[in-house]
Structure formats: structure tokens, C-alpha cells
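Structural overview
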Amino acid sequence: MSNSVEIPFSTTLLVRDTCLCLHVQRAARALARLFDDALRPAGLTNGQFSLMMSLNRPEPPPMGPVAALLAMDQTTLTAALKPLQRKGWVTVMENPKDRRRRLLGLTPDGKAALAKALPIWKSTHASLDDALPKGGPARLRQDLQAVAGMTGETVKASPRRPRRSGRAMAG
């Protein structure tokens, strides 16, 4: 005998229409495909572009702050750096202030690759911004930054606000 629990299909539809995590994941995948396709002629993926742009600083940054900016752990960052190192675009060097830590930098070839990709990123981003409703790009960035800064405790402590009116998005 099975003791399976049946979840009503109406619950599936509720999650499909209201789950912020689902909608952000879908949007992130769509944006990743859009930028991956656009940046392909420059030899970069959207993740590599973001990583390399995060290294474009006056002084080589340590791994920790780069990982935090990109919302990834240092192991994932190390793996993401490998193909860029093989291409000769990124260097990982010992930190002279603390030999246990590493600093990250762009090589001259890496800066050239980033410079080649930048106009592609700008035009793709401008087209995307133009396709969003008026005021949408700034509001979307603001809301995403707020979500990115949330912790489990922040969400638990927040008083429940009334829902905005409007129909739910069909997924």
C-alpha cells in the first residue's frame, strides 16, 4: 500500500504563477542565452564577461571579494578562472601581503578580449533595456539587488505586505 500524498493541480498552477524563484530562474536562463549568443563572436560567455569585468580594477583584487561580487564560492570561482587562464586572459598570483591568498588580474590579452566584448555587451544591453517597459530596467535592477541582499532571516522577519493587484504571469 502506498501512502502517497496528492498535491492538487491548482497548487502546481499557483506555484507556476507566483513563485519568484521560478520566474527569476527562467529570466536568468533567458538572459544568459541572450548574452552568450551575443558575446560568442568575442570568444566569451556571459559569465566569463562578468568575471573578467569584475577583475578590471586599478589593483588586482583578492579572490574573496570577487567571489562575493559574483555570488559564488571560491571553489566555483577557481573553476571559472581555469578556461580564462588557459586562454592567457587572466592571471592568478600570490598576494605579497599574505602568501596563502591569491590576487586576480587581467593580462593585456584579457583586456583586449574584454575591450572587444564591451561594445557587444553595450548594444545587447541597450536593446534589452529598450524592450522593457518605461522605467522597467532601473526598477528591475533595484528589485533584483534587494533580493540578492536578502537572507533567510530577512525574509522571515519581514512583515507580510498586501499583494499588488494584477494578474499573475502564466508560466
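Please refer to the structure higher up on the page.
Fair warning: this is a prediction, and the values are worked out from it, not measured in the lab.

About the thresholds
- Residues numbered from 1 in each chain as written.
- Predicted model: local features only at pLDDT ≥ 70, side-chain atom pairs only at ≥ 80, totals over all residues.
- Heavy atoms only, no water.
- Helix = DSSP H or I, 4+ residues; strand = E, 2+ residues; numbered from the N terminus.
- Buried < 20%, exposed > 50% of the residue type's maximum accessible area, 1.4 Å probe, protein only.
- Areas by Shrake-Rupley, 256 points an atom, 1.4 Å probe, with all protein chains shown as cover.
- Expected span 1.5 Å × (residues − 1).
- Bend = angle between axes of the 7 residues up to and from the residue.
- Contact = heavy atoms within 4.5 Å.
- Core = buried A, V, L, I, M, F, W, Y, C linked by side-chain atoms within 4.5 Å.
- Salt bridge = Lys/Arg side-chain N within 4 Å of Asp/Glu carboxyl O.

1. Some thoughts on the overall build of the protein chain
For the protein chain, the helix and strand inventory stands at 8 helices and 2 strands. Counting over 171 residues, the protein chain shows a buried share of 21%. Approximately 12,600 Å² of the protein chain is accessible, and the part contributed by carbon and sulfur atoms is 59%.

2. Notes on helix H6 (residues 108–131)
Its 24 residues give H6 an end-to-end C-alpha distance of 35 Å, which sits within 8% of 34 Å, the value for a rise of 1.5 Å per residue. Along H6, the largest kink reaches about 30° and is centred on Ala117; proline Pro119 follows within four residues of it. Along H6, the residues that are buried comprise Gly110, Ala113, Leu114, Ala117, Thr124 and His125. Among the structural elements, helix H2 (20–39), helix H3 (46–55), strand E2 (98–106) and helix H7 (136–148) are those in contact with the buried residues of H6.

3. Considerations on the nonpolar core
Core analysis: the largest hydrophobic core is formed by 21 residues, its most contacted members being Leu44, Met52, Leu77, Leu81 and Val90. It is H3 that contributes the most residues to this core, 4 residues altogether. With near-sequence residues (within four places) excluded, Leu77 lies in contact with Leu51, Met63, Val66, Ala67, Leu70, Met72 and Leu104.

4. Remarks on the pattern of salt bridges
Under the defined criterion, the tally for this structure stands at 7 salt bridges. Between Arg16 and Asp17 there is a salt bridge, with its nearest N and O atoms 2.7 Å apart. The salt bridge partner of Arg40 is Asp37, with a shortest N-O separation of 3.1 Å. We classify Asp37 as partly exposed; its relative accessible area is 47%.

Any link to function would need more than the numbers given here.
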